[in-house]
Amino acid sequence: MKKLFGEVNLTWKKIIIAAVVIGISVGLLNSIPSLFDTTITDVATYFDFWILCGIFIIMNSKSNKEAAIKCFVFFLISQPLIYLAEVPFNRLGWHIFVYYKYWFIWTILTLPMGYIGYYMKKEKWYSLLILLPMLVLLGYGVGNSLSGLIYSFPHHLINLIFVVFTLIMYPLVIFNNKYLKYIGLTVSIILILFFGIKPLLKAPVYETTLRCNSEKTPFNDTYKTYLTNSDLGEVYVRYEKDLDDYCISAKFYKTGNTKLIIESPNGEKQEYNLTIGKSTYTLE
(Lines give C-alpha, C1' and ligand atoms only; values in the text may rest on other atoms or scores of the structure.)
Protein backbone atom coordinates (compact mmCIF):
# COMPACT_ATOMS: atom_id res chain seq x y z
CA MET A 1 0.00 0.00 0.00
CA LYS A 2 2.82 2.42 0.84
CA LYS A 3 4.22 1.98 -2.68
CA LEU A 4 1.04 3.54 -4.07
CA PHE A 5 1.70 6.65 -1.99
CA GLY A 6 5.18 7.65 -2.98
CA GLU A 7 6.62 5.19 -5.47
CA VAL A 8 4.36 5.57 -8.52
CA ASN A 9 5.79 7.22 -11.63
CA LEU A 10 2.91 9.64 -12.12
CA THR A 11 3.53 11.14 -15.56
CA TRP A 12 1.47 13.91 -17.13
CA LYS A 13 0.04 11.37 -19.56
CA LYS A 14 -1.22 9.24 -16.67
CA ILE A 15 -2.71 12.30 -14.92
CA ILE A 16 -4.67 13.39 -17.99
CA ILE A 17 -5.88 9.89 -18.90
CA ALA A 18 -6.97 9.26 -15.31
CA ALA A 19 -8.81 12.60 -15.16
CA VAL A 20 -10.69 11.88 -18.40
CA VAL A 21 -11.58 8.27 -17.54
CA ILE A 22 -12.62 9.02 -13.95
CA GLY A 23 -14.59 12.17 -14.87
CA ILE A 24 -16.60 10.51 -17.65
CA SER A 25 -17.14 7.30 -15.67
CA VAL A 26 -18.46 9.10 -12.60
CA GLY A 27 -20.74 11.28 -14.76
CA LEU A 28 -22.21 8.33 -16.66
CA LEU A 29 -22.71 6.21 -13.53
CA ASN A 30 -24.32 9.21 -11.82
CA SER A 31 -26.87 9.30 -14.66
CA ILE A 32 -28.24 5.79 -14.08
CA PRO A 33 -31.55 6.10 -12.15
CA SER A 34 -31.11 2.79 -10.32
CA LEU A 35 -27.87 4.10 -8.81
CA PHE A 36 -29.39 7.28 -7.36
CA ASP A 37 -28.87 7.65 -3.59
CA THR A 38 -26.06 5.08 -3.53
CA THR A 39 -22.30 5.14 -3.10
CA ILE A 40 -21.95 6.08 -6.78
CA THR A 41 -23.78 9.37 -6.27
CA ASP A 42 -21.80 9.89 -3.07
CA VAL A 43 -18.64 9.84 -5.22
CA ALA A 44 -20.10 12.57 -7.43
CA THR A 45 -21.30 14.68 -4.51
CA TYR A 46 -18.91 14.42 -1.57
CA PHE A 47 -15.17 14.90 -1.03
CA ASP A 48 -14.21 11.40 0.11
CA PHE A 49 -13.05 9.86 -3.19
CA TRP A 50 -11.53 13.13 -4.43
CA ILE A 51 -9.42 13.45 -1.28
CA LEU A 52 -7.93 10.07 -2.18
CA CYS A 53 -7.13 11.34 -5.69
CA GLY A 54 -5.52 14.51 -4.32
CA ILE A 55 -3.37 12.74 -1.73
CA PHE A 56 -2.32 10.12 -4.29
CA ILE A 57 -1.14 12.86 -6.68
CA ILE A 58 0.66 14.82 -3.95
CA MET A 59 2.50 11.82 -2.54
CA ASN A 60 3.70 10.75 -5.99
CA SER A 61 4.89 14.23 -7.02
CA LYS A 62 8.53 15.26 -6.92
CA SER A 63 8.14 18.90 -5.82
CA ASN A 64 5.69 21.41 -4.36
CA LYS A 65 5.14 22.99 -7.75
CA GLU A 66 4.52 19.67 -9.46
CA ALA A 67 2.05 18.59 -6.77
CA ALA A 68 0.10 21.86 -7.07
CA ILE A 69 -0.09 21.90 -10.87
CA LYS A 70 -0.88 18.20 -11.25
CA CYS A 71 -3.69 18.42 -8.68
CA PHE A 72 -5.07 21.49 -10.41
CA VAL A 73 -4.97 19.94 -13.90
CA PHE A 74 -6.51 16.67 -12.70
CA PHE A 75 -9.49 18.43 -11.13
CA LEU A 76 -9.76 21.01 -13.91
CA ILE A 77 -10.33 18.14 -16.37
CA SER A 78 -12.26 15.60 -14.29
CA GLN A 79 -14.87 17.82 -12.63
CA PRO A 80 -16.40 19.49 -15.72
CA LEU A 81 -16.32 16.13 -17.53
CA ILE A 82 -18.65 14.72 -14.87
CA TYR A 83 -21.26 17.36 -15.73
CA LEU A 84 -20.61 17.07 -19.46
CA ALA A 85 -21.26 13.32 -19.33
CA GLU A 86 -24.55 13.97 -17.52
CA VAL A 87 -25.88 16.59 -19.99
CA PRO A 88 -27.70 14.13 -22.34
CA PHE A 89 -29.38 12.32 -19.46
CA ASN A 90 -30.26 15.12 -17.03
CA ARG A 91 -33.49 17.11 -17.31
CA LEU A 92 -31.48 20.32 -16.83
CA GLY A 93 -29.38 19.66 -19.92
CA TRP A 94 -26.54 22.18 -20.22
CA HIS A 95 -27.95 24.10 -17.24
CA ILE A 96 -26.52 21.38 -15.00
CA PHE A 97 -23.25 23.32 -15.15
CA VAL A 98 -24.72 25.80 -12.66
CA TYR A 99 -23.57 23.26 -10.04
CA TYR A 100 -20.01 23.34 -11.32
CA LYS A 101 -19.27 26.75 -9.75
CA TYR A 102 -18.92 25.12 -6.32
CA TRP A 103 -16.44 22.54 -7.61
CA PHE A 104 -14.53 25.11 -9.68
CA ILE A 105 -13.79 27.05 -6.48
CA TRP A 106 -12.36 23.88 -4.96
CA THR A 107 -10.40 23.25 -8.15
CA ILE A 108 -8.73 26.66 -7.77
CA LEU A 109 -7.96 25.82 -4.15
CA THR A 110 -6.10 22.66 -5.20
CA LEU A 111 -3.18 24.89 -6.23
CA PRO A 112 -2.30 26.02 -2.67
CA MET A 113 -3.54 22.73 -1.20
CA GLY A 114 -1.28 20.70 -3.46
CA TYR A 115 1.69 22.99 -2.82
CA ILE A 116 1.31 22.91 0.96
CA GLY A 117 0.25 19.26 0.97
CA TYR A 118 3.64 18.24 -0.40
CA TYR A 119 5.12 19.06 3.00
CA MET A 120 3.40 15.95 4.39
CA LYS A 121 6.34 14.08 2.86
CA LYS A 122 8.81 15.95 5.07
CA GLU A 123 7.95 13.87 8.17
CA LYS A 124 7.91 16.95 10.42
CA TRP A 125 5.48 17.85 13.20
CA TYR A 126 3.62 20.17 10.83
CA SER A 127 3.12 17.31 8.34
CA LEU A 128 0.32 15.94 10.50
CA LEU A 129 -1.23 19.41 10.82
CA ILE A 130 -1.33 19.63 7.02
CA LEU A 131 -3.14 16.27 6.81
CA LEU A 132 -5.57 17.18 9.63
CA PRO A 133 -8.09 19.21 7.53
CA MET A 134 -8.44 16.25 5.14
CA LEU A 135 -9.03 13.93 8.08
CA VAL A 136 -11.73 16.27 9.42
CA LEU A 137 -13.47 16.35 6.03
CA LEU A 138 -13.40 12.56 5.97
CA GLY A 139 -14.75 12.48 9.52
CA TYR A 140 -17.65 14.59 8.32
CA GLY A 141 -18.04 12.04 5.53
CA VAL A 142 -18.45 9.31 8.14
CA GLY A 143 -21.48 11.19 9.52
CA ASN A 144 -22.97 11.71 6.05
CA SER A 145 -22.51 8.09 5.03
CA LEU A 146 -23.83 6.68 8.30
CA SER A 147 -26.89 8.96 8.14
CA GLY A 148 -27.52 7.81 4.58
CA LEU A 149 -27.08 4.18 5.59
CA ILE A 150 -29.56 4.47 8.45
CA TYR A 151 -32.08 6.33 6.27
CA SER A 152 -31.69 4.15 3.18
CA PHE A 153 -30.13 0.80 4.16
CA PRO A 154 -28.07 -0.80 2.60
CA HIS A 155 -27.29 2.24 0.39
CA HIS A 156 -24.08 4.11 1.32
CA LEU A 157 -22.61 1.09 3.13
CA ILE A 158 -19.71 0.82 0.67
CA ASN A 159 -18.98 4.53 0.97
CA LEU A 160 -19.02 4.31 4.78
CA ILE A 161 -16.52 1.45 4.67
CA PHE A 162 -14.38 3.41 2.20
CA VAL A 163 -14.33 6.56 4.34
CA VAL A 164 -13.47 4.70 7.55
CA PHE A 165 -10.78 2.70 5.75
CA THR A 166 -9.11 5.78 4.25
CA LEU A 167 -9.25 7.66 7.55
CA ILE A 168 -7.29 4.86 9.19
CA MET A 169 -5.03 4.27 6.18
CA TYR A 170 -3.72 7.78 5.48
CA PRO A 171 -1.66 8.28 8.66
CA LEU A 172 -0.27 4.76 8.36
CA VAL A 173 0.85 4.99 4.71
CA ILE A 174 1.83 8.66 4.51
CA PHE A 175 4.14 8.74 7.52
CA ASN A 176 7.16 6.60 8.41
CA ASN A 177 7.75 8.43 11.68
CA LYS A 178 6.06 6.24 14.27
CA TYR A 179 4.93 9.22 16.38
CA LEU A 180 3.23 10.92 13.44
CA LYS A 181 1.80 7.59 12.33
CA TYR A 182 0.15 6.69 15.62
CA ILE A 183 -0.88 10.18 16.67
CA GLY A 184 -2.54 10.50 13.26
CA LEU A 185 -4.24 7.12 13.71
CA THR A 186 -5.52 8.21 17.13
CA VAL A 187 -6.91 11.43 15.63
CA SER A 188 -8.66 9.42 12.89
CA ILE A 189 -10.30 7.09 15.42
CA ILE A 190 -11.49 10.06 17.48
CA LEU A 191 -12.98 11.66 14.36
CA ILE A 192 -14.75 8.43 13.41
CA LEU A 193 -16.32 8.22 16.88
CA PHE A 194 -17.14 11.94 17.06
CA PHE A 195 -18.87 12.20 13.69
CA GLY A 196 -20.36 8.72 13.85
CA ILE A 197 -22.15 9.08 17.16
CA LYS A 198 -24.62 11.79 16.10
CA PRO A 199 -26.49 9.72 13.48
CA LEU A 200 -26.70 6.88 15.99
CA LEU A 201 -28.16 9.09 18.71
CA LYS A 202 -30.46 11.07 16.40
CA ALA A 203 -31.74 9.26 13.33
CA PRO A 204 -31.91 11.33 10.11
CA VAL A 205 -35.31 12.80 9.23
CA TYR A 206 -36.55 14.22 5.93
CA GLU A 207 -39.27 16.82 6.55
CA THR A 208 -41.40 18.14 3.70
CA THR A 209 -44.89 19.22 2.61
CA LEU A 210 -46.63 16.63 0.43
CA ARG A 211 -49.59 18.62 -0.87
CA CYS A 212 -52.12 21.28 0.05
CA ASN A 213 -55.90 21.51 -0.01
CA SER A 214 -57.59 21.89 -3.42
CA GLU A 215 -61.13 21.94 -4.82
CA LYS A 216 -60.54 18.62 -6.58
CA THR A 217 -59.21 16.82 -3.50
CA PRO A 218 -60.26 18.85 -0.45
CA PHE A 219 -59.28 18.22 3.16
CA ASN A 220 -58.89 20.10 6.44
CA ASP A 221 -57.89 19.40 10.03
CA THR A 222 -60.92 17.15 10.56
CA TYR A 223 -59.47 14.62 8.10
CA LYS A 224 -57.19 11.76 9.14
CA THR A 225 -53.95 11.18 7.24
CA TYR A 226 -51.63 8.20 7.54
CA LEU A 227 -49.20 5.96 5.68
CA THR A 228 -49.98 2.28 5.15
CA ASN A 229 -46.37 1.59 6.16
CA SER A 230 -45.92 3.68 9.28
CA ASP A 231 -42.30 2.55 9.68
CA LEU A 232 -41.32 4.90 6.85
CA GLY A 233 -42.56 8.04 8.59
CA GLU A 234 -45.57 10.04 9.71
CA VAL A 235 -47.93 12.53 8.08
CA TYR A 236 -50.28 15.13 9.52
CA VAL A 237 -52.53 18.01 8.46
CA ARG A 238 -51.59 21.49 9.59
CA TYR A 239 -52.75 25.00 8.83
CA GLU A 240 -50.25 27.10 6.86
CA LYS A 241 -50.70 30.77 7.75
CA ASP A 242 -48.70 32.00 4.77
CA LEU A 243 -50.96 30.09 2.37
CA ASP A 244 -54.13 30.53 4.42
CA ASP A 245 -54.86 26.87 3.77
CA TYR A 246 -54.39 23.33 5.04
CA CYS A 247 -51.42 21.23 3.95
CA ILE A 248 -50.13 17.72 4.63
CA SER A 249 -46.69 17.71 6.19
CA ALA A 250 -44.48 14.66 6.51
CA LYS A 251 -41.51 13.38 8.47
CA PHE A 252 -39.78 10.49 6.71
CA TYR A 253 -37.35 8.19 8.51
CA LYS A 254 -36.56 5.73 5.72
CA THR A 255 -36.78 5.37 1.96
CA GLY A 256 -39.35 3.04 0.42
CA ASN A 257 -42.79 2.71 -1.14
CA THR A 258 -46.10 3.11 0.65
CA LYS A 259 -49.56 4.66 0.27
CA LEU A 260 -50.75 8.00 1.61
CA ILE A 261 -54.33 7.81 2.86
CA ILE A 262 -56.47 10.91 3.39
CA GLU A 263 -59.69 9.94 5.17
CA SER A 264 -62.69 12.26 5.63
CA PRO A 265 -64.84 12.30 8.81
CA ASN A 266 -67.48 10.19 7.04
CA GLY A 267 -64.94 7.53 6.00
CA GLU A 268 -64.29 8.48 2.37
CA LYS A 269 -60.66 7.89 1.40
CA GLN A 270 -58.23 9.40 -1.05
CA GLU A 271 -55.29 7.10 -1.82
CA TYR A 272 -51.91 8.07 -3.31
CA ASN A 273 -48.88 5.98 -4.17
CA LEU A 274 -45.90 7.47 -2.37
CA THR A 275 -42.24 6.76 -3.14
CA ILE A 276 -39.79 8.18 -0.61
CA GLY A 277 -36.21 8.85 -1.66
CA LYS A 278 -33.27 10.80 -0.31
CA SER A 279 -34.59 14.33 0.25
CA THR A 280 -37.20 13.72 -2.44
CA TYR A 281 -40.50 11.94 -3.00
CA THR A 282 -43.00 11.03 -5.72
CA LEU A 283 -46.73 11.26 -5.05
CA GLU A 284 -49.19 9.79 -7.57
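Here the residue numbering is sequential within each chain, running from 1 through the sequence in written order. Restriction of local features to residues with pLDDT of at least 70 applies here, the model being predicted, together with a cutoff of 80 or more for giving and counting side-chain atom pairs; totals for whole chains, interfaces and linings are based on all residues. Excluding hydrogens and water, the side-chain figures rest on all heavy atoms present in the structure.

Quick notes on the overall build of the protein
Link 1 in the chain: Labels follow the DSSP assignment, with helices taken as runs of H or I lasting at least four residues and strands as runs of E lasting at least two, numbered in each case from the N terminus. When you go through the protein residue by residue, the secondary structure sums to eight helices and seven strands.
Link 2 in the chain: Principal-axis analysis of the C-alpha atoms places the extent of the protein at approximately 75 × 40 × 30 Å.
Link 3 in the chain: Looking at the 284 residues of the protein, the share that counts as buried comes to 44%.
Link 4 in the chain: A fraction of 64% describes how many contacts in the protein between residues 6 or more apart in sequence connect residues 24 or more apart.
Link 5 in the chain: Per-residue accessibility takes into account occlusion by the displayed protein chains alone, with areas from the Shrake-Rupley method and a 1.4 Å probe. Summed over its atoms, the accessible surface of the protein is roughly 15,700 Å², and 65% of this surface lies on carbon and sulfur atoms.
Link 6 in the chain: Distance from the positive charge centre (26 side chains) to the negative charge centre (20 side chains) of the protein: 18 Å. Buried, partly exposed and exposed residues are distinguished by accessible area as a fraction of the type maximum, computed with a 1.4 Å probe on protein chains only: under 20%, between the cut-offs, and over 50%, respectively. Residue contacts are counted whenever heavy atoms from the two residues lie within 4.5 Å of one another. Under the counting rule used here, the positive set is Lys and Arg, the negative set is Asp and Glu, and His together with the chain ends is not counted. Each charge is placed at NZ for Lys, CZ for Arg, CG for Asp and CD for Glu.

Concerning the pattern of salt bridges
Link 1 in the chain: One speaks of a salt bridge when a side-chain nitrogen belonging to Lys or Arg is within 4 Å of a carboxyl oxygen belonging to Asp or Glu. Within this structure, the stated rule accounts for two salt bridges.
Link 2 in the chain: Between Lys 70 and Glu 66 there is a salt bridge whose closest N-O contact spans 2.9 Å. Here the residue Lys 70 and the residue Glu 66 both occupy positions in helix H4 (residues 64–86), the gap between them amounting to four residues, near one helical turn.
Link 3 in the chain: On the accessibility criterion, Lys 70 (4% relative accessible area) is buried.
Link 4 in the chain: Residue Glu 240 pairs with Arg 238 through a salt bridge whose shortest N-O separation is 3.0 Å.
Link 5 in the chain: Residue classification places Glu 240 among the buried residues on the basis of a relative accessible area of 18%.

Considerations on the pairing of strand S3 (residues 233–240)
Link 1 in the chain: DSSP bridges decide pairing: two strands pair if at least two such bridges lie between them. Across eight bridges, the pairing between S3 and strand S4 (residues 245–252) is antiparallel. Of the residues in S4, the one forming a bridge with Tyr 236 is Ser 249.
Link 2 in the chain: Between S3 and S4, which follow one another and run antiparallel, lie four residues, and Asp 244 among them has a positive phi close to 55°.

Comments concerning the pairing of strand S5 (residues 256–263)
Link 1 in the chain: Across four bridges, strand S2 (residues 224–227) lies against S5 in antiparallel orientation. Its bridge partner being in S5, Tyr 226 is matched across the sheet by Ile 261.
Link 2 in the chain: The pairing of S5 with strand S6 (residues 269–276) spans eight bridges and is classified as antiparallel. Bridge assignment links Leu 260 to a residue of S6, and that residue is Tyr 272.
Link 3 in the chain: Once S5 ends, the chain turns through five residues before running back antiparallel as S6, passing Gly 267 with a positive phi of about 95°.

Description of helix H6 (residues 125–151)
Link 1 in the chain: By this rule the span expected of a helix is its residue count minus one, scaled by 1.5 Å. Helix length check: H6, at 27 residues, gives a terminal C-alpha distance of 40 Å against a target of 39 Å (1.5 Å per residue), a fit within 8%.
Link 2 in the chain: A maximum bend of about 35° is found in H6 at Leu 132, where proline Pro 133 lies one to four positions downstream. The angle between axes fitted to the seven-residue stretch ending at a residue and the seven-residue stretch beginning at it gives the bend at that residue.

Section: the nonpolar core
Generally speaking, nonpolar side chains in soluble globular proteins are found buried as a group.
Link 1 in the chain: Membership of the largest hydrophobic core comes to 47 residues, with the highest contact counts inside it found for Trp 50, Ile 55, Phe 74, Leu 131, Leu 167, Tyr 170 and Ile 174.
Link 2 in the chain: Taken together, the elements giving at least two residues each to this core come down to helix H1 (12–29), helix H2 (39–45), helix H3 (48–59), H4, helix H5 (100–117), H6, helix H7 (157–174) and helix H8 (178–201).
Link 3 in the chain: Looking at this core element by element, the count peaks at eight residues for H6.
Link 4 in the chain: Ignoring sequence-local partners within four residues, the contact set of Trp 50 consists of Ile 22, Val 26, Val 43, Phe 74, Phe 75, Ser 78, Gln 79, Ile 82 and Trp 103.
Link 5 in the chain: The definition of a nonpolar core used throughout is a set of buried Ala, Val, Leu, Ile, Met, Phe, Trp, Tyr and Cys residues joined through side-chain atoms within 4.5 Å. Core analysis: the second largest hydrophobic core is formed by 16 residues, Phe 219, Phe 252, Ile 262 and Tyr 272 among them.

Structural notes on the sheet that holds S4
Link 1 in the chain: If you walk across this open sheet you meet the three strands as S1-S4-S3, and the pairing is antiparallel. Both edges of this open sheet fall to strand S1 (206–212) and S3, since each of them pairs with a single strand only. Going across the sheet, the axis of each strand differs from the next one's by a mean of 30°, ignoring polarity. Each axis is a line fitted through C-alpha atoms, and for a helix only the stretch in contact is used; angles between axes span 0 to 180 degrees, taken between their N-to-C directions.

Some remarks on H1
Link 1 in the chain: End to end, H1 covers 26 Å across 18 residues, agreeing with the expected 26 Å (1.5 Å per residue, within 8%).
Link 2 in the chain: Taken together, the buried positions of H1 are Ile 15, Ala 19, Gly 23, Val 26 and Gly 27. Buried positions in H1, seen along its axis, are confined to an arc of 95° and lie on one side of it.
Link 3 in the chain: Elements in contact with the buried residues of H1: H2, H3 and H4. What the arc measures is the spread of directions leading from the helix axis to the C-beta atoms.

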